[in-house]
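Close look at the chain arrangement
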Amino acid sequence: MAKTELTTATTANSATSTANFDGIAENTLANETSTPPLWGSARLCYTICAFLAMVIQLCLRNTLNFVILCMVKHQPVIYDNSTTDAADIAVANSHCGPIDTGSANSTIQRTGDLLWTRNQEFAVLGTFYYGYLVTLPIAGRLADRFGGKLLFVHSITAQAVVFMLIPFFARQSYTGAVIVRIIQGLVAGCGNPALYQLFSTWAHPTERTAFLSFAYGGYSVGALLVFPISSFLCKLGWETAFYVVGGVSLAFGICCHWLVFSKLEDHPRLSKEEYEYLKSSQVKAANSAVPWKAIFTSIPVYAFIFTHIFHTYGIMVFTLLIPRFFKEAMRLPLSQVGILSSAPFFGAFISKGLTIVSCSIIEKRENLNLTRFRRIVYVVCNLSTVLFIFSIVLSDCQQRILVVIFSMCIGMSTDLAFSGAYWPSLLFVAPTYAGLISGIANCLATVSGFLAPLGISGIVRHGTKLEWNTVMFTLMASYSLGAAVYGLFGSSKLANWGHLDKNQNNNQESNNPTTTTTTEA
């Protein structure tokens, strides 16, 4: 009986599909020809705001990573009764020169009077992430349920105010600086899930990868700018860096009140043509109960989360500690550290351009297996990253130009893996719960933000190249694990609990009408 009903239903569905095939083709063609112009559009306005927000967020987060080299007085190296450590330092000094401590003959001096230990210098960089990981999953769910504007805007404005308080509290005590950084992290954690979730409103499915790549290009641009800007502002006094970056961020956050909106209906300058274009691809609002069981038994979700954890570790290490690596392992003067520390992020900036152009063309191809395509891209990029890191391990401080080039290549390959492969895939697997799941993934991945500095401070006790090589080996292991996880289990197929609107089926796994409704748990 059940078999007969299933056969009848299948026959009816087939007949319906055949009868409506011409109508589907006509609608598809109409959608393609009625795409509103991008220039001057509301969706371009949001994408640009998201790009600038990423620049601002990155600068607020990472300015301290360089400025701490100027604000803390240099402490003499204390050896642990080990002649080996002293011998290694002596060889490095004779071979590459001493570490630039910001003395009187340096172009950048350590003008601060903060008496923090080396372990405290490492630890304070990670305290931001204690607060950051707490609010990430909460912000993701709130953004899914109520819209992202409120969180998007105030994660910038409130964070800017807190950021400008760091110099005052840092002068009072180390504990004061730690508390302010934790509060900054709490506020900042509200921003990224909201930014990500708003793309489900302000980006058509055929434009999402390109728009996301452009927006997250702000991460690369921010990282590219933050160290040179911090280096320049340090010359004016280390406190200046906090006031300038915080003031600019506050002004931008206030402007976003009139530029960013949660709903299409709230935007006062949205044209009717663009409204219809975006409305046709809207997903269902996440007002119903969250399908927690389906989410936490979904292999693609676990693949996304673990890939993000492994990938983020590498990003965290480079972002937090690349200035110190160039200063200690490569023995570069502080005046050059600020510029050359941006090499990986310059490579990532180049990668963003390649991703925007290539993915917007490739992903519109008919019969494209998007899951297979992204798996291949991610694995190839990660294996390339491992090769570049190993090349840095084999280099020494007299091959600084090669190390800088390898660092730039690492930025290119890791960002291409991020923007062109695994990160956009969540918007295809579960668009309705993208904010929630990305918040959980970011929360778990961000743990490395405070564990990495603590662990590396125990490895890199004196700043020798051999010690930093050990750190590089951990990076190679992390990227290899990421390649294995996403290469085997990553997906861009719509999950059957994703609540995607039927009009948005195009370009999920293939543009073939027989495969657009493919779902997976």
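Worth saying up front: this structure is predicted, and the values here are computed from it rather than measured.

**Quick notes on the overall build of the chain**
Tallying secondary structure elements over the chain gives 23 helices and zero strands in all. Out of the 521 residues belonging to the chain, those deemed buried represent 56%. A separation of at least 24 residues holds for 86% of the contacts in the chain among residues at least 6 apart in sequence. Total accessible area computed for the chain in this model is approximately 21,500 Å², and 67% of it derives from carbon and sulfur atoms.

**So, a nonpolar patch on the surface**
A contiguous nonpolar patch, built from Val-134, Ile-138, Leu-142, Phe-146, Ile-179, Ile-183 and Leu-186 and spanning about 610 Å² of accessible area, is present on the exposed surface. Among the secondary structure elements, those contributing two or more residues to the nonpolar patch are α6 (128-146) and α9 (174-188). It is α6 that contributes the most residues to the nonpolar patch, four residues altogether. Position of Ile-183 relative to the elements: it lies in helix α9.

**With respect to the packing of aromatic side chains**
The description of an aromatic ring pair uses the distance of the two centres, along with the angle that the planes make with each other. Going through the model one piece at a time under the given rule, you end up with 25 aromatic pairs. Through a chain of ring-to-ring contacts, the aromatic side chains of Tyr-216, Phe-304, Tyr-378, Phe-418, Tyr-422, Trp-423 and Tyr-486 assemble into a single cluster. For Arg-61, the ring lying beneath its charged end belongs to Tyr-132, and the centroid distance is 4.9 Å. Arg-374 extends its terminal NZ or CZ atom over the ring of Phe-428, reaching a point 4.7 Å from the ring centre.

**Overview of the environment of Thr-117**
Mapped onto the elements of the fold, Thr-117 is located in the loop between α4 (83-96) and α5 (118-126). Exposure remark for Thr-117: the relative accessible area of 41% places this residue in the partly exposed category. Sequence separation of Thr-117 and Lys-73 is 44 residues, and the distance between their C-alpha atoms is 9.2 Å.

**Points about the nonpolar core**
Judged by nonpolar contacts, the single largest core of 142 residues is most densely connected at Met-71, Trp-116, Phe-152 and Phe-325. Looking at which element gives the most residues to this core, the answer is helix α3 (residues 42-71), with 19 residues.

**What to know about the packing of helix α7 (residues 149-163) against helix α10 (residues 191-202)**
The N-to-C vectors of α7 and α10 enclose an angle of 140°; their axes lie 8 Å apart at closest approach. By the angle between their directions, the pair α7 and α10 is classed as oblique. Of the two possible hands of crossing, α7 and α10 adopt the one that is left-handed. The residues of α10 that touch α7, namely those facing Lys-149, Leu-151, Phe-152 and Ser-155, are Gly-191, Ala-194, Leu-195 and Leu-198. Taken together, the residues that form the contact of α7 with α10 break down as five nonpolar, two polar and one charged.

**Remarks on helix α22 (residues 447-459)**
Spanning 13 residues, α22 covers 18 Å between terminal C-alpha atoms, matching the ideal 18 Å at 1.5 Å per step. Regarding α22, the residues found buried are Ser-448, Gly-449, Phe-450, Ala-452, Pro-453, Ile-456 and Ser-457. As for α22, its buried residues are in contact with α5, α6, α15 (299-328), α21 (434-445) and α23 (465-489).

**Some words on α10**
End to end, α10 covers 16 Å across 12 residues, agreeing with the expected 16 Å (1.5 Å per residue, within 8%). With respect to burial, α10 is a largely interior element, 12 of its 12 residues being buried. Buried within α10 we find Gly-191, Asn-192, Pro-193, Ala-194, Leu-195, Tyr-196, Gln-197, Leu-198, Phe-199, Ser-200, Thr-201 and Trp-202.

Rules behind the numbers
- Residues numbered from 1 in each chain as written.
- Predicted model: local features only at pLDDT ≥ 70, side-chain atom pairs only at ≥ 80, totals over all residues.
- Heavy atoms only, no water.
- Helix = DSSP H or I, 4+ residues; strand = E, 2+ residues; numbered from the N terminus.
- Buried < 20%, exposed > 50% of the residue type's maximum accessible area, 1.4 Å probe, protein only.
- Contact = heavy atoms within 4.5 Å.
- Areas by Shrake-Rupley, 256 points an atom, 1.4 Å probe, with all protein chains shown as cover.
- Patch = residues over 30% accessible without salt bridge, like charges linked within 9 Å, V, L, I, M, F, W, Y side chains within 5 Å.
- Salt bridge = Lys/Arg side-chain N within 4 Å of Asp/Glu carboxyl O.
- Phe/Tyr/Trp six-rings, centres within 6.5 Å; stacked < 30°, edge-to-face > 60°.
- Lys NZ or Arg CZ within 6 Å of the ring centre and 35° of its normal.
- Core = buried A, V, L, I, M, F, W, Y, C linked by side-chain atoms within 4.5 Å.
- Axes fitted to C-alpha atoms, helices over the stretch in contact; angles between N-to-C directions.
- Parallel < 35°, antiparallel > 145°, perpendicular 65-115°, else oblique.
- Left-handed = near helix turned anticlockwise from the far one by under 90°.
- Nonpolar A, V, L, I, M, F, W, Y, C, P; charged D, E, K, R; others polar.
- Expected span 1.5 Å × (residues − 1).

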